[in-house]
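Per-entry structural report
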Amino acid sequence: MKKIINAVLTVMAICLLTACEKELATESGNQTASTANSELTITTRAASGETEVSLPVTLYVMDNNGICVKKETLTSTTEGISMELPAGKYHVYAIGGAKENDYILPATENATAQSEIALKSSAKHDDLMTASSDITLKKNQENQLTLDMSRKVMKINMLTINGVPADISAVSITLQPLYKALLLDGSYGTATTGETINLTKQTDGTTWKSAEVLYMFPQAGSAIIKVSLTKNGQSQTYTYTCTEALTANHEYNIEATYVDNQNITMQGSINGVAWGTNINISFEFGNNGNGDDDDNEAPTEPAPTANTMYKDCYVMSVADDDNGKIVTLLHKKAVELPGTNKTEAQVLAEIDVVLPSFSINGITGWRIPTKDDFNGFYPNYFNNAVKNDSEATPYQQSYGYYYKEGANLKVYKAGSGMSYGMEFQYGLMFRPVTTIRFSNKN
């Protein structure tokens, strides 16, 4: 009997030990507490010139392999969010103003730097801002990261058309092409779209206005404004190619006047960075009293091919879309912006100063190149194309050329294709690009 009791006790002891081992193994398999040996506190602030951060701010923290390990939401700019993470290198992305009711945000398990911030059906854009930053967390240390949020949309304050005849039953204004998507890294997707705003007839019977303030993504190419007037079920469209760029972080007020000869005179203003100083613009369009047809919204000659010259500009790329071809042009000239100790804001300010000087053969809308613009680009092809042009600035292998990657300004080294930060030590150059849409109807 004693042996039986001893045997039972032995079995019970083994079971208890096994249970303890399983419990301990489970805890060690979920090592959040023990591997999370560093604390990261993230706060946000408005970039220089901004007034406030758009809330909520959704934060995505990705490890050195590009895997999203944390997704948090910041609902106040006065308090940061703290999280425990293992020591290592991380990249933090922030999206401000993307409310869950209006946007589809990537889930933690699916998030990448190229994830789209998608607008839900029938929703309207808000004042979207983004930021991103690298950070290295050290073991057993508290780390502070402040993200400077930059605005990614433009703001349409007012659209007004005066002097509309009484027999006009509907008036709308379309802006195109505009970017269709914002990516998590702060860059824009390649797809383009147009935004049509239906105007409301005012009590005086001749004035039509937009009903509300609208936020939109900026232009993805040479901006087109179309005014459509409907009479007896038939629409007449007037088209104008903007000489001014429709860019993020600017306010627009556009006012048009319909006159007796059926030409339309449009006047507007652009407010500077952070809804700042007004820059007045004015333009008119029409066609000897007959209006412009949609065929004239873009050049109707055949689109040029890549790696050739068009109006003294180098053709970087040619892409198809539903309405024709999108041609990205690279200016033949570059200007030097020397100095390696400048801040990004200082360089951007210098670029704003020199951009007007790049106007050539009526081509406008020049901007800072993006990383995507350099896909498939070879400096030697450019140099061969301009070799007989004494006014052109060839690419030099030891020089760096500014471009944008997401919200960050970087430097492209022509000799190796590698990108560098602001610490680049050689010649620093700026050469802009622009985009033109060519109609399908050639």
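The following refers to the structure shown. No experiment lies behind these values; they were computed from the predicted model shown.

The rules we used
- Residues numbered from 1 in each chain as written.
- Predicted model: local features only at pLDDT ≥ 70, side-chain atom pairs only at ≥ 80, totals over all residues.
- Heavy atoms only, no water.
- Helix = DSSP H or I, 4+ residues; strand = E, 2+ residues; numbered from the N terminus.
- Buried < 20%, exposed > 50% of the residue type's maximum accessible area, 1.4 Å probe, protein only.
- Contact = heavy atoms within 4.5 Å.
- Areas by Shrake-Rupley, 256 points an atom, 1.4 Å probe, with all protein chains shown as cover.
- Pairing = 2+ DSSP bridges.
- Axes fitted to C-alpha atoms, helices over the stretch in contact; angles between N-to-C directions.
- Salt bridge = Lys/Arg side-chain N within 4 Å of Asp/Glu carboxyl O.
- Phe/Tyr/Trp six-rings, centres within 6.5 Å; stacked < 30°, edge-to-face > 60°.

What follows is about the overall build of the chain. Looking only at helices and strands, the chain has four helices and 30 strands in total. For the chain, buried positions account for 45% of its 442 residues. The contacts in the chain between residues at least 6 apart in sequence include a share of 66% that link residues at least 24 apart. For the chain, the computed accessible surface area is about 22,500 Å², with 48% contributed by carbon and sulfur atoms.

A sheet is described by the order of its strands in space; here seven strands give the open sequence 3-2-5-8-9-1-4, paired in mixed fashion. Edge positions in the sheet fall to strand 3 (68-74) and strand 4 (81-85), since each of these pairs with one other strand and no more. Each adjacent strand pair in this sheet contributes to an overall mean axis angle of 20 degrees, direction not counted. As defined by bridge partners, strand 2 (residues 57-63) adjoins strand 5 (residues 88-96) across seven bridges and the pair is classed as antiparallel. Pairing of Leu 59 across the sheet is with Ala 94, part of strand 5.

With that settled, the discussion passes to the environment of Gly 205. Relative to the helices and strands, Gly 205 is located in the loop between strand 14 (200-201) and strand 15 (208-209). Under the relative-accessibility criterion, Gly 205 is labelled buried at 18%. Separated by 41 residues in sequence, Gly 205 and Val 164 have C-alpha atoms that sit 7.9 Å apart.

Tallied over the full model, the rule gives ten salt bridges. Asp 148 is the partner of Arg 45 in a salt bridge, and the nearest nitrogen-oxygen pair spans 2.4 Å. Here Arg 45 is found in strand 1 (residues 38-46), whereas its partner Asp 148 is found in strand 9 (residues 142-151), with 103 residues between them in sequence. Judged by relative accessible area, Asp 148 falls into the partly exposed class, the value being 36%.

Taking strand neighbours across the sheet as the criterion, the three strands line up as 6-7-12 in an open arrangement whose pairing is antiparallel. Whereas interior strands pair on both sides, the edge strands pair on one side only; in this sheet they are strand 6 (103-104) and strand 12 (182-183). Across two bridges, strand 6 lies against strand 7 (residues 116-119) in antiparallel orientation. Bridge pairing links Tyr 103 to Leu 119 in strand 7.

It is worth spelling out the packing of aromatic side chains at this point. Taken as a whole, this structure holds 14 aromatic pairs when the rule is applied. Note on Tyr 378 and Tyr 381: the rings are 5.3 Å apart at their centroids and 55 degrees apart in plane angle, and the pair reads as tilted. A relative accessible area of 42% means that Tyr 381 is categorised as partly exposed. On the numbers, 4.4 Å between centres and 50 degrees between planes, the contact of Tyr 395 with Tyr 401 is tilted. Of the residues examined, Tyr 395 reaches a relative accessible area of 7% and is grouped as buried.

Because side chains alternate across strand 4, one face comprises the buried residues Ile 81, Met 83 and Leu 85, and the other comprises Ser 82 and Glu 84, none of which is buried. The pairing of strand 1 with strand 4 spans five bridges and is antiparallel. Of the residues in strand 4, the one forming a bridge with Thr 41 is Ser 82.

Let us look at unusual backbone geometry. Note: most peptide bonds trans; most residues except glycine with negative phi. In this structure, Pro 56 follows Leu 55 across a cis peptide bond, with omega equal to -5 degrees. One can find Pro 56 in the loop between strand 1 and strand 2. For the bond from Gln 176 to Pro 177, the omega torsion is -15 degrees, close enough to zero to count as cis. Backbone geometry places Asn 307, a non-glycine residue, at a positive phi of 70 degrees. Position of Asn 307 among the secondary structure elements: in the loop between strand 21 (278-285) and strand 22 (309-310). Under the relative-accessibility criterion, Asn 307 is labelled partly exposed at 36%. Phi at Lys 311 is positive, roughly 50 degrees, even though this residue is not glycine. Overall, Lys 311 belongs to the partly exposed group, its relative accessible area being 42%.

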